[in-house]
Amino acid sequence: QVQLVESGGGLVQPGGSLRLSCAASGSIFTIYAMGWYRQAPGKQRELVATATSGGSTNYVHSVKGRFTISRDNAKNTVYLQMNSLNPEDTAVYYCNGRGVLYEYEYWGQGTQVTVSS
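Residues numbered from 1 in each chain as written. Predicted model: local features only at pLDDT ≥ 70, side-chain atom pairs only at ≥ 80, totals over all residues. Heavy atoms only, no water.

Inspection of the entire model under this criterion finds one disulfide. There is a disulfide in this structure between Cys22 and Cys95, and the S-S distance comes to 2.0 Å. One disulfide, between Cys22 and Cys95, carries an S-S torsion of -85° and so falls in the left-handed class. Pair noted here: Cys22 is in strand β3 (residues 18-25) and Cys95 is in strand β9 (residues 91-98), with a separation of 73 residues, a long-range link. Residue Cys22 is classed as buried on the basis of its relative accessible area of 0%. In this structure Cys95 comes out as buried when scored by relative accessible area, which is 0%. (Disulfide = S-S within 2.5 Å. Helix = DSSP H or I, 4+ residues; strand = E, 2+ residues; numbered from the N terminus. Buried < 20%, exposed > 50% of the residue type's maximum accessible area, 1.4 Å probe, protein only.)

With that settled, the discussion passes to the pairing of strand β1 (residues 3-7). Burial along β1 is one-sided: Leu4 and Glu6 are buried, while Gln3, Val5 and Ser7, pointing the other way, are not. Bridge count between β1 and β3: five bridges; the pairing is antiparallel. Paired with Glu6 across the two strands is Cys22, which belongs to β3. (Pairing = 2+ DSSP bridges.)

Judged by nonpolar contacts, the single largest core of 29 residues is most densely connected at Trp36, Leu80, Met82 and Tyr93. Elements with a minimum of two residues in this core: β3, β4 (33-39), β5 (46-52), β7 (67-72), β8 (77-82), β9 and β11 (111-115). If we ignore the near neighbours within four places in the chain, the residues touching Leu80 are Leu18, Arg19, Leu20, Trp36, Val48, Ala49, Phe67, Thr68, Ile69 and Tyr93. (Core = buried A, V, L, I, M, F, W, Y, C linked by side-chain atoms within 4.5 Å. Contact = heavy atoms within 4.5 Å.)

This next bit is on the side chain of Thr77. Here Thr77 is to be found in strand β8. At 3.0 Å, the side chain of Thr77 and the backbone oxygen of Lys75 are in polar contact. If we ignore the near neighbours within four places in the chain, the residues touching Thr77 are Cys22, Ala23, Met34, Ser70, Arg71 and Asp72. (Polar contact = N/O pair within 3.5 Å; in protein donor to acceptor, adjacent residues only side chain to side chain.)

Taken by themselves, the reported measurements are silent on function.
Here it is as structure tokens:
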């Protein structure tokens, strides 16, 4: 049974930074794509960033230039460095891992990120 365990959320002031981490346990293979989604109150869950095991990355337009996704394939771990945070980034952030054709997909439990003065 594969589990994704997130860490690193919290409260930060506007303009500040946070780093999220997500580690997959129970997996004996390299997860094809790992990434982050977020869901703000009253809004749908949206993709924030993904990274494939081959090194390709993808970002939602609103975080380009501010967030950086990276991963350690050997550890099946993905990170999200978030800089220049603003209140619109406030949401529960969920780690996601999936196969190339979604033949498998896993979700973390979510970690709260709050940007407020």
